[in-house]
Structures are given as structure tokens and as C-alpha cells.
Amino acid sequence: MRYEFRIAGIVPDTLAAGFPELDRIPVPEQTLLFGSVTDEAHLYGLLTRFQSLGLRVLEMRRLPA
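All residue numbers here refer to positions counted from 1 along the written sequence of the relevant chain. With the structure being a predicted model, the display of local features is reserved for residues of pLDDT at least 70 and the display and counting of side-chain atom pairs for 80 or more, all residues being used for whole-chain, interface and lining totals. Heavy atoms from the whole structure form the basis of all side-chain values; hydrogens and water molecules are not counted.

## Considering the environment of Ala8
So the rule is basically this: Every helix listed is a DSSP run of H or I at least four residues long, and every strand listed is a run of E at least two residues long, numbered separately from the N terminus. Summary of the burial criterion: residues with accessible area below 20% of their type's maximum are buried, those above 50% are exposed, and those between are partly exposed, where the area comes from a 1.4 Å probe applied to protein chains only. Only heavy atoms enter the contact rule, under which two residues are in contact if any of them lie within 4.5 Å.
Examined against the element boundaries, Ala8 turns out to sit in strand S1 (residues 2-8). Residue Ala8 is classed as partly exposed on the basis of its relative accessible area, which comes to 24%. C-alpha of Ala8 to C-alpha of Thr31: the two residues are 23 residues apart in sequence and 6.6 Å apart in space. Setting aside anything within four residues of it in sequence, one finds Ala8 in contact with Glu29, Arg56 and Leu58.

So this is what it looks like as C-alpha cells:
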């Protein structure tokens, strides 16, 4: 499954390094992170990492296959 996460603000390189499995695209005042999520545990792990790094998820959506 592929997911897209819309994060508030621009995620700097140092924080983006915490998500090696996701690609990153900065857009005005937000950052899009997207990539494969293997299962529900991985998804919740990503959300926990976002929170622990102080990143605010504005939107999360599953991408078409």
C-alpha cells in the first residue's frame, strides 16, 4: 500500500532522514511524504515517529496502487 502524508511546514533534511522509506516533496508551507507502507504496524509506527519528532500531520491518504 502506498500512502501520502501532508506535513505542516517544511521538513528539514535532518528530520526527513528519520523516514528513509518515504520520498519527500516540499510544497508551499507544507511537505508531502509518500511511499510504501507494509502493514498497519508500519503505519502506526510512522505516525508515532511524526509525533515524536514534533511533525504535525495535516492529512494522510492511501494512494491508488
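## Focus on the sheet that holds strand S4 (residues 57-63)
Heads up, the rule is: One bridge is not enough; two strands pair if DSSP finds at least two bridges between them. Here, axes are lines fitted to C-alpha atoms. For helices the fit covers the stretch in contact, and angles between N-to-C directions go from 0 to 180 degrees.
Within the open sheet, the 4 strands sit side by side as S2-S3-S1-S4. Their pairing is antiparallel. Looking at the sheet topology across the chains shown, the edges are occupied by strand S2 (23-27) and S4. Direction aside, the axes of adjacent strands within the sheet are offset by 20° on average. Here S2 pairs with strand S3 (residues 30-36) via 5 bridges, running antiparallel. What sits directly across from Pro26, in S3, is Thr31. With respect to the sheet, helix H2 (residues 40-52) is in contact with S1, S3 and S4, its orientation differing from that of S1 by roughly 15°.

What is shown is where atoms sit, not what they do.
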